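Chain residues, written in single-letter form:
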Amino acid sequence: MSEIDLATFKASPFGTEICQTDILEAFEFLDDWEERYSYIIDLGKSLPAFPESEKIEQNFIHGCQSQVWLIHKMDEADKKLYLLIESDAIIVKGLAAVVLATFNAKTPDEIKTLDVEALFEKMDLIRHISPTRGNGLRSMIERVKLIAQNN
Amino acid sequence: MSNSTLNLDEIRQQFPILNQEVNGKPLIYLDSAASAQKPLAVLEAIEHYYRNDNSNVHRGAHTLGDRATKNFEAARDTVQKFINAKSRQEIIWTKGTTEAINIIASGLSSSLEKGDEIIVSRMEHHANIVPWQMAAEKCGAIIRVLDINEQGELNVDQLDSLLNERSKVLAVTHVSNVLGTINPVKTLIQKAQKNGLITVIDGAQAVPHFQVDVQDLDCDFYVFSSHKLFGPTGLGVLYGKTAQLESLPPYQGGGEMIERVSFDHTTYNVLPYKFEAGTPAISEAVSFAAAIDYFTGLDRAAVEVHEQALLVSAHEQAKNIPGLRIIGTAKQKVPVMSFEIEGLHSSDIGTLLDQQGIGIRTGHHCAMPLMDYLGVSGTARASFAFYNTLEEVDQLFTSLAKIQRMFA
C-alpha cells in the first residue's frame, strides 16, 4: 500500500467520471486506426500525474518494451481500491487509462468480477494484452487482480 | 529503383510471406535482423525432406536413413564452403548462435583459471555476455570490456591496453545487432593472437550481409544462426579450428556423441559428432543448405550494393524527421538503423508503425549494457534485407512523419 495520500489517488477521473461505457461510446465514433490511436494517445496524456518518488522497483511491472509502475491505496471509509499507473510509453498509458476506467475506485469484490478483456476485445485492442506483447499491460491487469485478492 | 542488377520483383516472388496485408496495409517487413524471411527453396526443401527422406541419421540400416544422412552431411559441406572452413569436421550443428557460444564458454571454463581475463565488447548481445559471465563465475575469471565511441565503433586501440598476460579469450561480435556497425574483427583477432588469446566471433548479424572467410579471419571460433540467414529456426553453426574443437570438452552427453559406452568408461566420438548429442535438427540442416544455395546463387555484389542503397536512403530521409536521432553512425554498417525520436517512446513508434503494416523491433534488443552506455531504455530498429525495396524505405518515413503528427 502506497504512502501517498488518498486525495492524490481520488483526484483521478478514471473509474468515476470516466468509465468503461464512456470510453466505449467515444470509441464507436472513431473511424480508422489513426483516430482510434489518437484517442488512446489523448487518454494517455490525460492520465493523472504519478508521484516521482513512487517510481521504484517494488512498484515496477516488468515489460520488455516499455516500463510500467503501479501503486494502490485502500480507502478504509468506502472500502474501495484506488490505483495510479504510469508508463514511459504514451500508448501504454492510454491503455492503462482503459484499465483504470474499469478497475479504479471499485471494491476488491467488484474488481474480481470485472472484465477488462471483453472491453479490449470490443475496442479491437485485444492484441495489446496478448501474452506475446512485452508491454507489461497484461502483467498490469494481473497485478490489479492480485491486489484485489489481497485486500 | 536502385542501380543494382538485382531483379527485386523476381526476388520478392521467392518470399511468399512478403505478399500479404497486415492491418489492412501491404506488409513491410523491416525486422530481418531479428529473423529473416525464407525463400521458396527453403520451404520446398523442408517439405521434400518430410515427404521423401525423413529418417534418423547415422543409424538406420535402410535406404531412407542413408538418404537423410547423405543430405544432412551434404548440408555440413555447404556450410563449410559458405564460410571457407578448412575441413568439414570444423562445422558443428547447434540450436543457434546462443547455444554455440554456450558450448565454447562452458568448455573453456574448465581450462581457465582464477584471475584469467575474458574480453568482450560494450556492444555485445546478451548471448555473448551471459555465457562468459557464467563461465567466469565457475572458474573465477574476470570479464573485461572493450569500449565504443560515439559513432558506435569499437575502440580498437583500447584493446592494446586491455591485453596482458592474464588475457585468455576475446569474444566480440562481427556486426552489432543494434548499431549495425561492422567491426574490424581481423585486426582485433591479429592483436589477440599475438597475445595468445582464443578468439570467438559472433557472426549472427554478419553472414546475412557479406561474405565471411574464417580462414582469412583466422579466428578460433565463429558462430551464427540459420534463421537470420534465410534458413529455418532452431539451427546454428559453431565453427572451430580443429585443434580448438579437439581440446574443448563435450557439452552434452547422449547418443551420437559417443564412440563406446560402458559403465566404467565412455569414449567420445570424433569431430564433429562429439558436440552433437542426440538426434540433430535434420530437416533444418537440409533446408538451411537450400537457403545458403539460394543466397549464394544471388549476385552477392549486387546484394551489397542494394542493401547499402537502402541504408543510405534511410539515413538521408531520417534527416527530414525533426528530433530523429540515429543510434549507430559507424562508417562501416550493415543495413540496420536504430533510432529514437524526441518525445516518442520506441514502443509507441513500433505500435503505430504496425498499424501501418510496418514491422520493426523496439526495446533493448538484448543488449542492455549497450543501452545503459547510450543512455536510452530502448531504441526503434529498422533492419533491412536484400528483399526490401527503396519504396518500402520511403513508406517507413512517410509513416514516421504521420506518427509524429499524431503526437503533435
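Residues numbered from 1 in each chain as written. Chains lettered and ligands numbered in written order. Predicted model: local features only at pLDDT ≥ 70, side-chain atom pairs only at ≥ 80, totals over all residues. Heavy atoms only, no water.

Enquirer: I'd like to hear about the packing of helix 11 (residues 300-318) of chain B against helix 14 (residues 390-407) of chain B, residue by residue, with values.
Expert: All names here are of chain B. Close contact between helix 11 and helix 14 brings their axes to 10 Å; oriented N to C, the two are set at 20 degrees. Compared by their axis directions, helix 11 and helix 14 come out roughly parallel. For the pair helix 11 and helix 14, the crossing hand works out as right-handed. Contacts from A309, L310, S313, A314, Q317 and A318 of helix 11 reach helix 14 at L390, V393, D394 and F397. (Axes fitted to C-alpha atoms, helices over the stretch in contact; angles between N-to-C directions. Helix = DSSP H or I, 4+ residues; strand = E, 2+ residues; numbered from the N terminus. Parallel < 35°, antiparallel > 145°, perpendicular 65-115°, else oblique. Left-handed = near helix turned anticlockwise from the far one by under 90°. Contact = heavy atoms within 4.5 Å.)

Enquirer: Tell me about helix 10 (residues 282-297) of chain B, and please be specific about residues and values.
Expert: Every α-helix winds through 3.6 residues per turn, so residues three or four apart in the chain are directed the same way. All names here are of chain B. Between its terminal C-alpha atoms helix 10 stretches 23 Å, which fits the 22 Å expected from 16 residues at 1.5 Å a residue. Of all 16 residues that make up helix 10, 12 are buried, and the element is covered over most of its length. Along helix 10, the residues that are buried comprise I282, S283, A285, V286, S287, F288, A289, A290, A291, I292, Y294 and F295. (Expected span 1.5 Å × (residues − 1). Buried < 20%, exposed > 50% of the residue type's maximum accessible area, 1.4 Å probe, protein only.)

Enquirer: Residue-level account of the layout of surface pockets, with values.
Expert: Residue and element names in this part refer to chain B. Volume-wise, the second largest pocket comes out at about 300 Å³. Lining the second largest pocket we find 21 residues, and of these T98, H125, A204, Q205 and K228 sit closest to its centre. In this structure, the lining of the second largest pocket is formed jointly by two domains, domain 1 (8-30 + 299-406) and domain 2 (44-296), each of which donates at least three residues. (1 Å grid on protein atoms, 1.4 Å probe; cavity = no way out; pocket = protein on both sides within 12 Å on 5 of 7 lines; lining within 4 Å. Points joined across faces, edges and corners; volume = space filled by probe spheres on them. Domains from an automatic or database assignment.)

Enquirer: Quick rundown of the interface of chain B and chain A? Include the residues and the values.
Expert: The partner chain A presents 18 residues to the 17 residues of chain B that form the contact. Both faces combined, the contact of chain B with chain A buries some 1,600 Å², and carbon together with sulfur accounts for 55% of it. The largest share of the area that chain B buries against chain A comes from H345, Q355 and M406 of chain B, three residues that together contribute 33% of it. Run the count over chain B and chain A and you get one salt bridge. (Buried area = accessible area lost by both parts, 1.4 Å probe. Salt bridge = Lys/Arg side-chain N within 4 Å of Asp/Glu carboxyl O.)

Enquirer: Break down the confidence of the model for chain B for me, citing the residues and quoting the values.
Expert: On average, chain B scores 96 in pLDDT, and the residues at 70 or more come to 99%. If you check the scores for this complex, the pTM reads 0.93 and the ipTM reads 0.88. (pLDDT = per-residue confidence, 0-100.)

Enquirer: How would you sum up the packing of helix 4 (residues 90-103) of chain A against helix 12 (residues 346-354) of chain B? Please name residues and give values.
Expert: At a minimum axis distance of 7 Å, the contact between helix 4 of chain A and helix 12 of chain B shows a crossing angle of 80 degrees. What the angle tells us is that helix 4 of chain A and helix 12 of chain B run roughly perpendicular. Facing I90, I91 and V92 of chain A of helix 4 of chain A, the residues of helix 12 of chain B in contact are S347, D348, T351 and L352 of chain B. Class assignment of the residues belonging to the contact of helix 4 of chain A with helix 12 of chain B gives a composition of four nonpolar, two polar and one charged. (Nonpolar A, V, L, I, M, F, W, Y, C, P; charged D, E, K, R; others polar.)

Enquirer: Can you tell me about the pairing of strand 3 (residues 80-87) of chain A, naming the residues and giving the values?
Expert: All names here are of chain A. Counting buried residues in strand 3 gives seven out of eight residues, a clear majority hidden from the surface. Where strand 2 (residues 68-75) and strand 3 come together, eight bridges link them in antiparallel fashion. Bridge pairing links I71 to L84 in strand 3. Turn length for the strand 2-strand 3 hairpin, with the two strands adjacent in sequence and antiparallel, is four residues, and the turn residue K79 shows positive phi of about 60 degrees. (Pairing = 2+ DSSP bridges.)

Enquirer: Kindly report on unusual backbone geometry, identifying the contributing residues and their values.
Expert: Residues and elements named next belong to chain B. With omega at 0 degrees, the peptide bond leading from L271 into P272 counts as cis. Mapped onto the elements, P272 comes out in the loop between strand 12 (266-268) and helix 10. Positive phi values are uncommon outside glycine, yet N23 reaches one of about 50 degrees. Position of N23 among the secondary structure elements: in the loop between strand 1 (21-22) and strand 2 (25-26).

Enquirer: Go over the pattern of salt bridges, please, and point to the residues and values.
Expert: If you walk through the whole model with that rule in mind, you get 30 salt bridges over all chains. Here D75 of chain A and K10 of chain A are joined by a salt bridge, their closest N and O atoms 2.6 Å apart. Of this pair, D75 of chain A sits in strand 2 while K10 of chain A sits in helix 1 (residues 6-10), and the two are 65 residues apart along the sequence. With relative accessibility at 7%, the residue D75 of chain A sits in the buried group. A salt bridge links E73 of chain B to R88 of chain B; the nearest nitrogen and oxygen atoms lie 2.8 Å apart. Of this pair, E73 of chain B sits in helix 3 (residues 63-83) while R88 of chain B is found in the loop between helix 3 and strand 4 (91-94), placing the two residues 15 residues apart along the sequence. The buried category is assigned to E73 of chain B, whose relative accessible area is 10%. If you follow the salt bridges from partner to partner, you end up with E73, R76, D77, R88 and E276 of chain B in one network.

Enquirer: Explain the sheet that holds strand 14 (residues 336-341) of chain B to me, using residue names and the numbers behind them.
Expert: Residues and elements named next belong to chain B. Strand order across the open sheet formed by four strands is 13-14-17-16, with antiparallel pairing between neighbours. The sheet terminates laterally at strand 13 (324-327) and strand 16 (361-363), the two strands that pair on one side only. Taking each pair of neighbouring strands and ignoring which way they run, the sheet shows an average axis angle of 30 degrees. Two elements, strand 16 and strand 17 (residues 379-383), share three bridges in a ladder whose sense is antiparallel.

Enquirer: Please give an account of empty space enclosed by the protein that cites residues and values.
Expert: Residues and elements named next belong to chain B. Applying the stated rule across the entire model yields one cavity of 30 Å³ or more. The calculated volume of the largest cavity comes to roughly 80 Å³. Lining the largest cavity, in full, are S32, A33, A36, Q205, P208, H209, K228, F230, E307, S383, F384 and A385. Considering only residue class, the lining of the largest cavity consists of six nonpolar, four polar and two charged. Formed jointly, the lining of the largest cavity draws a minimum of three residues from each of two domains, domain 1 (8-30 + 299-406) and domain 2 (44-296).

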